[in-house]
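Listed below are the residues making up each chain.
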Amino acid sequence: MSKSNFKDWPNMAKTLNPAVGELKRSTPGPMQAFSEMGKAALEPGALDTKTKELIALAISVAVRCDPCVTYHASAAQRQGATREEVAEAMGIAVYMGAGPSAMYAAQALEAFDQWDEKAKG
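This text gives an overview of the structure that appears in the document. (Residues numbered from 1 in each chain as written. Predicted model: local features only at pLDDT ≥ 70, side-chain atom pairs only at ≥ 80, totals over all residues. Heavy atoms only, no water.)

**Overview of the environment of Leu109**
Quick reminder of the rule: Comment: elements are numbered from the N terminus, with helices defined as DSSP H or I runs of at least four residues and strands as E runs of at least two. By definition, residues are in contact when any of their heavy atoms lie within 4.5 Å.
Mapped onto the fold, Leu109 is located in helix 5 (residues 83-120). Between the C-alpha atom of Leu109 and that of Arg83, which follows or precedes it by 26 residues, the distance is 7.5 Å. Excluding residues that lie within four positions of it along the chain, Leu109 makes contacts with Arg83, Val86, Ala87 and Met90.

**Some words on the nonpolar core**
Cut-off, in case you're wondering: Nonpolar core, defined: a set of buried Ala, Val, Leu, Ile, Met, Phe, Trp, Tyr and Cys residues in which side-chain atoms within 4.5 Å join the residues together. The rule is simple: take the accessible area with a 1.4 Å probe, protein chains only, and divide by the maximum for that residue type; under 20% is buried, over 50% is exposed, in between is partly exposed.
Counting residues in hydrophobic clusters, the biggest one holds 22 residues, and the most contacted among them are Leu57, Val61, Val69, Val86 and Met90. Elements that contribute at least two residues to this core include exactly helix 1 (9-26), helix 3 (49-62), helix 4 (66-78) and helix 5. No other element matches the 11 residues that helix 5 contributes to this core.

**Details of the packing of helix 1 against helix 4**
Quick note on the threshold: Here an axis means a line fitted to C-alpha atoms, over the contact stretch when the element is a helix, while the angle between two N-to-C directions is reported on a 0 to 180 degree scale. Here roughly perpendicular refers to angles of 65 to 115 degrees, roughly parallel to angles under 35, roughly antiparallel to angles over 145, and oblique to all remaining angles. Polar here means any residue outside two lists: the nonpolar Ala, Val, Leu, Ile, Met, Phe, Trp, Tyr, Cys and Pro, and the charged Asp, Glu, Lys and Arg; Gly therefore counts as polar.
It is the contact of helix 1 with helix 4, at a shortest axis distance of 9 Å, that shows an interaxial angle of 110 degrees. With respect to helix 4, the element helix 1 is oriented roughly perpendicular. Residues Trp9, Pro10, Met12, Ala13, Leu16, Asn17 and Val20 of helix 1 touch helix 4, and the partners they reach there are Asp66, Pro67, Val69, Thr70 and Tyr71. Partitioned by chemical class, the residues of the contact of helix 1 with helix 4 number nine nonpolar, two polar and one charged.

The values reported here are purely geometric and, on their own, carry no functional implication.
Here you go:
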C-alpha cells in the first residue's frame, strides 16, 4: 500500500497521455526524434536500463517535473527497481537539488509506491 497520497501519479500519466498524443500528432518530426533519442538513451550499455531509469527519476526530481516523475517512477518499477534503490536515487537527487528536491523526492517515492501497488493489483 502507498505510504501517502499527495498526488495520484498513475492518474496523472493517464490524464496527460491524450495531451502528449496530441503533441505527437501536431509535431510529428520533433516528437519522433525525441522518442528515438529516449530509446537510444535507455538502451543497455555500460549502464543497464534500470539504472538509467533511476538516474532519469533523480533528474526529474532535481528539475521538478511532475510528469517526468510519474513516467520514470513507472518505468523504474517496470524495469525491476526496488523501493530501496529508488530511495537511494532520491538521496542523490536531494543532495544535488537541496530542499526543493527533498519535497519532490518524497513525491517520487509516493509515485513509485503507487505504480508498484497498481502492478501488483
